[in-house]
Amino acid sequence: MQTATNLAPDAPDLKSNRLTLRYVLQHAGIGLALLILVIFFSIASEHFLTAGNITNILTQITINLILAVGMTFVILIGGIDLSVGSVLAFAGVVAGKVITLSGFSDGTLITMAVLAGLGTGVICGLMNGLISAWWGLPSFIITLGMLNIARGAALHVADARTIYSFPFSFEEFGSIMIFGVPILFLLALALVAVAWVVLNFTVFGRMVYGIGNNEEAVRLAGHNVMFYKVGAFAICGACAGLAALAYMARLNISSPIAGIAFELDAIAAVIIGGTSLAGGRGSVLGTLMGAFIIGVLANGLILMGLNDFMRQMITGLVIIVAVIVDYYRARFSTT
Amino acid sequence: MKFTKFIAAAATSVSLLATAAYADADHPKVGLVMKSLANEFFQNMMVGAEAHAEKRGDYELLAVGMQNETDFESQINAVNTFITQGVDAIVIAPADSRAMVRPLKRAMEAGITVVNFDVALDADAKKQQGVELAFVGPDNRQGAKMAGDALAAALGEGGKVVIIEGNPGADNATQRRLGFEDSVAEHGLNLLDSRTAYWETEEANTVFANMLTANPDIQGVMAANDSMAIGVVQALEAAGRDDILVVGFDNVPAAKALVGEGKLLATIDQFGSEMAANAIDLAIDVVRGGPELEGWVRTPIDLVTQ
């Protein structure tokens, strides 16, 4: 029987020096791109490289980063999750309904809301995973269905209304800064770290890469492919739930129309970060940098005074360029 | 006359229930076509219309909403279905002010009383199709100007302001932007920047935080709806700026609360929950033989301050 390690040749093997070098090189390109952007905007706008603006950027990329971490798992197994924006809205209004209940202490309400938000996300993710894995259907179409289900559910639960007036301590928590770094961003960063450990040092992580590379081989090796696939979607759903809580803590409202098209930014962050849409190759650290690139672009282009439509065009261009770069990187790393 | 109406209706509908086309004027059928029910404004309107139907009790309400703000194809289908069902009146908030003219013309040819509310149909498109149709609704431009004027009065001449716009291309977004710009021109305000945040809170929060970084001397913000105003208020709190004034539009409950706390200077109430109900009243009057509506029947708008 093959070992799991052999099934995932592209997973970074940190024990081997040769592979460590390749691992560094893999991230060097995207890191360089980010650096160039930062230098460019620093020259283009006097406001870009200021403490206040850096805080802004960190605040603004947090939600996308959380979604993109979950998305990385799904894309690594060769799937896609189009429902995360809607699931964010659904989890948000469920948590919002819970947190505005009367007759409980603030602590109880916040705990229940966190569980409700996370739980909603996990349930949606489990449904995505179970349905697509059980019937072997493309996750593209199943999660497209969930995109509608979750949006409809969010509107239904919230009666299409914005939910507001959360406990004071919850609203305060969202605005805590530690040396100018938003606490919500630090939590997202912690999530990246956990995801990195899971993907690189656990059997689960090995299997995620393995399934993306060669699902049949993993199955023939006697592993429960369905378990790992459903697990990846559940993680993605949980991240959507977390992102919903971050949205609530930042804006102090829940909105059933929150998160429209957020899945596209999350997918873009993952792809710009060098994870292959075909699965099996990529990393969550690349995703972190991908999220930074999208956030820095959105921020910097406004600071430069570019109009909205130009901004949208440039963001689209960057995504396409990233995929072309990834095409060449994939070719060179296999030859 | 009845016969020609029947021919027109039959020609334009897939399966006409002939008897239904001549429903009793004492208990007319009214088809209400709204925009996105995902929008709090239309949700309130829907609830208001249902309450109104129950209270009056002398007409049958058939209401449909859309998936999203720009889903005019569903609206066209809804209008065609109503023609088929033989409703007596169609009361519609068009999702597209040009595309809806032709299907509504068909409805009128089928003898249905049509009342256009909320967003006016395009005047040129109406002329082109030879359609004469009154508009019942608020003056979004006037409303935005009222909010802008409230901000201008607080800031004084030369106040530095930015505009947060609604969806590019949406008629009410355009009207509100123009209203804000009217106010800027009239009071000699200094407009630093104007950007869309697609009606959405998180987008407005992000976009405005970045505008504030680029223009730290902003003194006032005109947001084209309350969802975006909420995002702006949150960005101001995050930046620790309590010296910048914000006005919104719509008077949704969450914004009303902010007005009460003094975090939002003003918002505009256009009485959305009553708007559909009022348009239905007007439609039923015409169905029962009242005079046809003409021109622009303006509905009330009100400035909401602390």
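Worth saying up front: this structure is predicted, and the values here are computed from it rather than measured. (Residues numbered from 1 in each chain as written. Chains lettered and ligands numbered in written order. Predicted model: local features only at pLDDT ≥ 70, side-chain atom pairs only at ≥ 80, totals over all residues. Heavy atoms only, no water.)

Enquirer: For this particular structure, what's the right way to read a nonpolar patch on the surface?
Expert: All names here are of chain A. Side chains of Phe173, Ile176, Ile178, Phe179, Leu186, Leu187 and Leu189 sit close together on the surface and give an oily, nonpolar patch of about 650 Å² of accessible area. Counting residues per element, the nonpolar patch draws most heavily on helix 8 (residues 183-201), which supplies 3 residues. Residue position: phenylalanine 173 is located in helix 7 (residues 168-174). (Patch = residues over 30% accessible without salt bridge, like charges linked within 9 Å, V, L, I, M, F, W, Y side chains within 5 Å. Areas by Shrake-Rupley, 256 points an atom, 1.4 Å probe, with all protein chains shown as cover. Salt bridge = Lys/Arg side-chain N within 4 Å of Asp/Glu carboxyl O. Helix = DSSP H or I, 4+ residues; strand = E, 2+ residues; numbered from the N terminus.)

Enquirer: Where do I start with the sheet that holds strand 11 (residues 296-298) of chain B in this structure?
Expert: Strand pairing in a sheet is mediated by backbone hydrogen bonds. Such pairs are either parallel or antiparallel. All names here are of chain B. Strand order in the open sheet formed by 6 strands is 2-1-3-4-5-11, and the pairing between neighbours is parallel. The sheet is open, and its two edges are formed by strand 2 (60-66) and strand 11, each paired on a single side. Each strand axis lies, on average, 20° off the axis of its neighbour in the sheet, ignoring direction. As defined by bridge partners, strand 4 (residues 113-117) adjoins strand 5 (residues 135-137) across 2 bridges and the pair is classed as parallel. The residue bridging phenylalanine 117 from the neighbouring strand is valine 136, located in strand 5. Strands in contact with helix 3 (residues 72-85) are strand 1 (29-36), strand 2 and strand 3 (89-92); relative to strand 1, the strand with the most contacts, it is inclined by about 175°. (Pairing = 2+ DSSP bridges. Axes fitted to C-alpha atoms, helices over the stretch in contact; angles between N-to-C directions. Contact = heavy atoms within 4.5 Å.)

Enquirer: What should I look at first to understand the interface of chain A and chain B in this one?
Expert: Note: interface size is frequently given as the accessible area lost on complex formation between the parts. Facing 30 residues of chain A, the contacting portion of chain B comprises 29 residues. In this assembly, chain A packs against chain B so that about 2600 Å² is buried in total across both faces, 52% of it on carbon and sulfur atoms. Between the two partners, chain A and chain B, sit 2 salt bridges. We note a salt bridge from aspartate 308 of chain A to arginine 195 of chain B, for which the minimum N-O separation is 3.2 Å. (Buried area = accessible area lost by both parts, 1.4 Å probe.)

Enquirer: Quick question: what am I supposed to make of the packing of aromatic side chains here?
Expert: Within this structure, the stated rule accounts for 9 aromatic pairs over all chains. One aromatic cluster is present, formed by Phe40, Phe41 and Phe48 of chain A through successive ring pairs. One residue, arginine 176 of chain B, lies across the ring of phenylalanine 249 of chain B, its end atom 3.8 Å from the ring centre. (Phe/Tyr/Trp six-rings, centres within 6.5 Å; stacked < 30°, edge-to-face > 60°. Lys NZ or Arg CZ within 6 Å of the ring centre and 35° of its normal.)

Enquirer: Looking at this structure, how should I read the pattern of salt bridges?
Expert: If charged atoms from side chains of opposite charge come close, those side chains can pair. Enumeration over the complete set of coordinates arrives at 23 salt bridges over all chains. In this structure, lysine 160 of chain B engages aspartate 217 of chain B in a salt bridge whose closest nitrogen and oxygen atoms are separated by 3.1 Å. Residue lysine 160 of chain B is located in strand 6 (residues 160-165), and its partner aspartate 217 of chain B is located in the loop between helix 8 (201-214) and strand 8 (220-223); the two are separated by 57 residues in the primary sequence. Classification of aspartate 217 of chain B as partly exposed rests on a relative accessible area of 35%. In this structure, a network of salt bridges that share partners links the residues Glu215, Glu216, Arg219 and Lys229 of chain A. (Buried < 20%, exposed > 50% of the residue type's maximum accessible area, 1.4 Å probe, protein only.)

Enquirer: What am I meant to see in the side chain of glutamine 129 of chain B here?
Expert: All names here are of chain B. Counting through the fold element by element, glutamine 129 comes out in helix 5 (residues 123-129). Owing to a relative accessible area of 18%, glutamine 129 belongs among the buried residues under this scheme. Residue contacts for glutamine 129: discarding those within four places in its chain leaves Val101, Arg102 and Lys105.

Enquirer: What is the right way to look at the nonpolar core in this model?
Expert: Note on soluble globular proteins: their nonpolar side chains tend to be buried together. Leu67, Val69 and Leu88 of chain A together with Ile164, Phe208, Val221 and Met222 of chain B are the most contacted members of the largest nonpolar core, which has 146 residues in total. The element contributing the most residues to this core is helix 10 (residues 225-251) of chain A, with 15 residues. Setting aside residues no more than four positions away along its own chain, valine 221 of chain B makes contact with Leu151, Val162, Ile164, Phe208, Val232, Ile244, Leu245, Val246 and Val247 of chain B. Formed by 23 residues, the second largest nonpolar core is a distinct cluster that contains Phe42, Met46, Tyr59 and Ala89 of chain B. (Core = buried A, V, L, I, M, F, W, Y, C linked by side-chain atoms within 4.5 Å.)

Enquirer: Would you explain helix 4 (residues 101-109) of chain B in this entry?
Expert: Three or four residues apart is the spacing at which side chains of an α-helix point the same way, because the helix has 3.6 residues per turn. All names here are of chain B. Every buried residue belonging to helix 4 is among Val101, Pro103, Leu104 and Ala107, and all of these are buried. On an axial view of helix 4, the arc spanned by its buried residues comes to 165°, and they lie on one face. Contacts made by the buried residues of helix 4 are with helix 3, strand 3, strand 4 and helix 5. Just beyond helix 4, the residue with positive phi is glycine 111, at close to 85°. (Arc of directions from axis to C-beta.)

Enquirer: In this structure, what is going on with the packing of helix 10 of chain A against helix 8 of chain B? I would like to understand it.
Expert: When two helices pack together, their arrangement is captured by the angle between the axes and the distance separating the axes. Running from N to C, helix 10 of chain A and helix 8 of chain B point in directions that differ by 60°, and their axes come no closer than 11 Å. It follows from the interaxial angle that helix 10 of chain A and helix 8 of chain B lie oblique. By crossing handedness, the relation of helix 10 of chain A to helix 8 of chain B is classed as left-handed. The segment helix 10 of chain A lies against helix 8 of chain B, with Tyr247, Arg250 and Leu251 of chain A engaging Thr201, Glu202, Asn205 and Thr206 of chain B. (Parallel < 35°, antiparallel > 145°, perpendicular 65-115°, else oblique. Left-handed = near helix turned anticlockwise from the far one by under 90°.)

Enquirer: I'm lost on helix 4 (residues 84-99) of chain A in this one. Help?
Expert: With 16 residues, helix 4 of chain A extends 22 Å from end C-alpha to end C-alpha; this agrees with the ideal 22 Å at 1.5 Å per step. Counting buried positions along helix 4 of chain A yields 15 of 16 residues, so the element is predominantly enclosed. (Expected span 1.5 Å × (residues − 1).)

Enquirer: What is the right way to read the domain arrangement of chain B from this model?
Expert: Residue and element names in this part refer to chain B. Domain annotation of chain B identifies domain 1 (2-137 + 273-299) and domain 2 (140-269). Taken together, the contact between domain 1 and domain 2 spans 5 residues of the former and 6 residues of the latter. For the pair domain 1 and domain 2, the summed buried area comes to about 460 Å², and 50% of that belongs to carbon and sulfur atoms. Taken together, domain 1 and domain 2 are joined by 0 salt bridges. Our count for the domain 1 to domain 2 interface comes out at 0 residue pairs in polar contact (both at pLDDT 80 or more). Taken together, the residues of the side of domain 1 that touches domain 2 sort by class into 2 nonpolar, no polar and 3 charged. (Domains from an automatic or database assignment. Polar contact = N/O pair within 3.5 Å; in protein donor to acceptor, adjacent residues only side chain to side chain. Nonpolar A, V, L, I, M, F, W, Y, C, P; charged D, E, K, R; others polar.)

Enquirer: Just to check I follow, could you spell out the environment of leucine 293 of chain B for this structure?
Expert: Residue and element names in this part refer to chain B. Structurally, leucine 293 is set in the loop between helix 11 (272-287) and strand 11. On the basis of relative accessibility, which here comes to 24%, the residue leucine 293 falls in the partly exposed class. C-alpha separation for the pair leucine 293 and glycine 272, spaced 21 residues apart in sequence, amounts to 20 Å. Setting aside anything within four residues of it in sequence, one finds leucine 293 in contact with Val115, Ala134, Val136, Leu282 and Val286.

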